[in-house]
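Residue strings, one per chain:
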Amino acid sequence: ILENSHTAKGVIKPMRRIKHDNQTGRWLSTFMARWNPNSFSNKEMFVVGSMSKPRCMELYDCDGDQLSELRGDALTAVASRCCFHPNASKLIV
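Residues numbered from 1 in each chain as written. Predicted model: local features only at pLDDT ≥ 70, side-chain atom pairs only at ≥ 80, totals over all residues. Heavy atoms only, no water.

Enquirer: Lay out the pattern of salt bridges with the relevant residues and their values.
Expert: Enumeration according to the criterion identifies 1 salt bridge in this entry. With a shortest N-O distance of 2.5 Å, E69 and R71 are connected by a salt bridge. For E69, a relative accessible area of 35% translates into the label partly exposed. (Salt bridge = Lys/Arg side-chain N within 4 Å of Asp/Glu carboxyl O. Buried < 20%, exposed > 50% of the residue type's maximum accessible area, 1.4 Å probe, protein only.)

Shown next as structure tokens:
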């Protein structure tokens, strides 16, 4: 996680690293984390897919702490691209 990276000069070092299962071993779309444009709570959060089985999407807060894993019978494929609805409190896969 980077803080104020737009104002940094030289080599940018992350404030915190998050261990995440993204080793596919096969051809898949690149995993892309997306920040939530609407705050569901007092903290900012982002979502990213995972290679974990059963398949899931993981929600993290701005400090890099995992908030939740979203799982379900309908999630059978790797969710490498996720995003939040821009105007509503909904996650779109």
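This is not the end of the story, as more comes after the structure.
Enquirer: Help me get a handle on the sheet that holds strand β1 (residues 34-35), residues and values and all.
Expert: Strands in a sheet are paired, the pairing made by backbone hydrogen bonds, and the direction either parallel or antiparallel. With antiparallel pairing, the 4 strands of this open sheet are ordered in space as β1-β2-β3-β4. Because the sheet does not close on itself, it has two edges, and the strands there are β1 and β4 (66-70). Two elements, strand β2 (residues 45-50) and strand β3 (residues 56-61), share 6 bridges in a ladder whose sense is antiparallel. If you follow V48 over to β3, its bridge partner there is E58. (Pairing = 2+ DSSP bridges. Helix = DSSP H or I, 4+ residues; strand = E, 2+ residues; numbered from the N terminus.)

Shape is all these values report; function is a separate question.
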